[in-house]
There are 2 protein chains.
Amino acid sequence: MKRREFLGRAAVVPAALAVPSIAQAQTKVKWRMPSSFPSSLSTVQGGAVRLAEKVAELTDGGFEIQAYAAGELVPPLGVLEAVQSGTTEAGYSPGFFYVGKKPALAFDAGVPFGMTPRQHFSWFHHGGGKELLDEVYDAFNMVSIPAGNTGAQMGGWFRKPIDSITDLKGLRIRAAGYLGYIYSDLGAVPQQIAIGDLYPAMERGTLDAVEFTSPTDDETLGLNKVAKYYYAPGILELGASLGLMINKDAMASLSPAYKAALEMACAWTYSDMLARYDSLNVAALRRLIAGGAELRAWPDEVMSAMRKSADKLFTEQGEADPDFKRIHEHWRAFLDDQLRWMSVNDVAAENVLIRG
Amino acid sequence: MKRREFLGRAAVVPAALAVPSIAQAQTKVKWRMPSSFPSSLSTVQGGAVRLAEKVAELTDGGFEIQAYAAGELVPPLGVLEAVQSGTTEAGYSPGFFYVGKKPALAFDAGVPFGMTPRQHFSWFHHGGGKELLDEVYDAFNMVSIPAGNTGAQMGGWFRKPIDSITDLKGLRIRAAGYLGYIYSDLGAVPQQIAIGDLYPAMERGTLDAVEFTSPTDDETLGLNKVAKYYYAPGILELGASLGLMINKDAMASLSPAYKAALEMACAWTYSDMLARYDSLNVAALRRLIAGGAELRAWPDEVMSAMRKSADKLFTEQGEADPDFKRIHEHWRAFLDDQLRWMSVNDVAAENVLIRG
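Residues numbered from 1 in each chain as written. Chains lettered and ligands numbered in written order. Predicted model: local features only at pLDDT ≥ 70, side-chain atom pairs only at ≥ 80, totals over all residues. Heavy atoms only, no water.

The name that an unreviewed UniProt entry assigns to chain A is TRAP transporter substrate-binding protein, with the source organism given as Seohaeicola nanhaiensis. Its UniProt record, at the heading Subcellular location (unreviewed entry), says of chain A: "Periplasm". (UniProt positions renumbered as here; feature names shortened; annotations may be inferred.)

Moving on to the environment of Val352 of chain A. Its location among the elements puts Val352 of chain A in helix H14 (residues 346–355). We classify Val352 of chain A as buried; its relative accessible area is 9%. In contact with Val352 of chain A, other than residues within four places in its own chain, are Phe113, Pro233, Ile235, Met303 and Arg307 of chain B. (Helix = DSSP H or I, 4+ residues; strand = E, 2+ residues; numbered from the N terminus. Buried < 20%, exposed > 50% of the residue type's maximum accessible area, 1.4 Å probe, protein only. Contact = heavy atoms within 4.5 Å.)

For the rest of this paragraph, the subject is the pairing of strand E9 (residues 229–232) of chain B. Within a regular strand, side chains alternate between the sheet's two faces. All names here are of chain B. Going residue by residue along E9, you find Tyr229 and Tyr231 tucked away on one face and Tyr230 and Ala232 tucked away on the opposite face as well. Bridge analysis of strand E5 (residues 156–158) against E9 gives three bridges, and the strand direction is antiparallel. Residue pairing for E9: Gly156 is matched across the bridge by Tyr231. The sheet contact formed by E9 and strand E11 (residues 294–297) spans four bridges and is parallel. From the neighbouring strand, Ala232 faces E11, where its bridge partner is Ala297. (Pairing = 2+ DSSP bridges.)

Our next topic: the confidence of the model for chain A. As a note on interpretation, predicted positions should not be read in detail where pLDDT is low. Residue and element names in this part refer to chain A. For chain A, the average pLDDT comes to 93, and 93% of its residues sit at 70 or higher. Taken together, the stretch residues 1–24 has pLDDT below 50 and engages in 13 contacts with residues farther than four places along the chain or on a different chain. Model confidence for the complex: the whole-complex pTM is 0.92, and ipTM, which rates the interface, is 0.92. (pLDDT = per-residue confidence, 0-100.)

A few words on the relation of the copies chain A and chain B. With an axial shift of 0.0 Å and an RMSD of 0.0 Å, the rotation relating chain A to chain B amounts to 180 degrees. Overall, the copies show the geometry of a two-fold rotation axis. A shared interface surface links the copies, since 100% of the contact residues of chain A are contact residues in chain B too. (Least-squares fit on C-alpha atoms with pLDDT ≥ 70 in both.)

Per the stated rule, a full pass over the model turns up 50 salt bridges over all chains. Glu263 of chain A serves as the salt-bridge partner of Lys259 of chain A, at 3.3 Å between the closest nitrogen and oxygen. With Lys259 of chain A and Glu263 of chain A both in helix H11 (residues 256–290), this residue pair falls four residues apart, about one helical turn. Using a relative accessible area of 33% as the deciding quantity, one classes Lys259 of chain A as partly exposed. Residue class for Glu263 of chain A comes out partly exposed when judged on its relative accessible area of 24%. Here Glu219 of chain B ties to Arg287 of chain B by a salt bridge, and the two come within 2.7 Å at their closest N and O atoms. A residue pair is termed long-range when its members are at least 10 positions apart, and Glu219 of chain B in helix H9 (residues 215–221) and Arg287 of chain B in helix H11 (residues 256–290) qualify at 68 residues. By relative accessible area, which is 24% here, Glu219 of chain B ends up partly exposed. Note on Arg287 of chain B: relative accessible area 46%, which makes it partly exposed. (Salt bridge = Lys/Arg side-chain N within 4 Å of Asp/Glu carboxyl O.)

Here's what the structure looks like:
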């Protein structure tokens, strides 16, 4: 047999060459990675694509991850299930898309009045967050690594100004996950609508307002053409961490170098995406305002009411899910500490520069 | 000869084995990387060590970087020269240590009233900063990649309170580089003192105040034992980016995968160091205050005067170095844009959380 022949020949190779210096290098690995985002969003879905490119670059093409945009392989919100079941080895999606399955997953991505990208990264990697979330993801036979962050998202586009809480009553607003809870608590009627349907729904008038992400993405979707008032600051989403979800069996099959390549590419994408957003958002916001968008700050009354609703949300979710309660307490203590520290130093200094 | 014998034997290896699937993988590469920091500073010098570990992990040990603490191989401020001359392939040191050679190098690390770590990373990688700094480093036959950041540093330790600018007159303060310029402009007498000599100089009374980094490092050096008043916010250093300086010839010799490993490890260390500082600083500051340190905010008068001195510094350095002027204008425009954007959204949101 040919195989036997080959083995026979290999056996005569001198020992020194049979064990080359790159002996631990892994043979070809191919993974599939569906995501929750359309390819039109070059910052967020581009992050998934660039992550895969970096892994290939780091491994000389040995570790190939095929990135799929939303719906190409599995539905936009079917990513976690695909990874859990092993249908795909990995997936690119934020944990807060799956709070219906498990509320505690929200802390992997972000919650209202939550952490900045910097705070989330510190909590996850050096504050004990990873260990807590690993336990939660374990039940889904996966791990999730922070692999992107949008920065604070804007408050969204409204057809009419919001001068007080009463202006929110009955308002049909696209607001996903926990943001929907808060708007509902304030009397609005939150809608879960696929990204591609946001513009048409606003145009048809079946939707009054839409919270999506930040200037560069909102401009891509054309939201400024269907609403005039653009609210800030993004207190309901100070950051949204995108996770690389990885099936545990697939993860266990990786060599140390391939595992390191994956982890490094995730950390790089986390910073790189935020840097892109920051750089792109300024120019996009300028164009949006020049095009007629009216930038408005949330009234204090609205922000206070949102915070009360968020506290209510945390209490209720904590009662529904002991893991949520446990992680929330840990997360809260870390954030409170960081806010104290930032108020003394980093943000205090930035405020001095902003005041000019 | 043995070598000939070996080559002779190798020649009989079947072709299929002589060209393994990992053909592009590079053979063993060994670099030396001196740094400007003592090994006692586990966050900043630890960053250099961890960077080297990550590169080894990513390349299955094929790319080995030996990290040396300050003085082990070259003097603390001799890192740039070692890399420039090719004495070492790489070095770990912030550009602002070398403004005496070339003022424009300051923008690689940070200047007073400058960028946060997030802004610096965005400016460098997505704002055109890299291209501008590459031109400057080109004259030194090297490139520098952001590979660490401390976050905002504190204003320093003072034996007596600073209630007005007059309290700065004649004050002997350790303040390196451009900070020294500012203190000098305000009537103080800045000193350049090696890190290991700071504590003894304060103890002996030959120094009245010391600006070093932030709570965790300052605690390590024991500065709270030799001064009571600890000033904030860190407007003179909103961030200090540590660079991995790389000799261009050494860089050109790397395979694409090894080059990618180096770049990824730098980006990871940049975020990882900041996350460590943020996490460690809170606990350290708490211990310092519990131990008697008195946290004080700079009087507005002092901050205004510092800003005026900084503007004067920028004008003077721009006149001395056309590259400084050109990069400063580009850098300034990017920062102004970011401050506008942050004042609308991210920092505005964080301020809402800080106010509680």
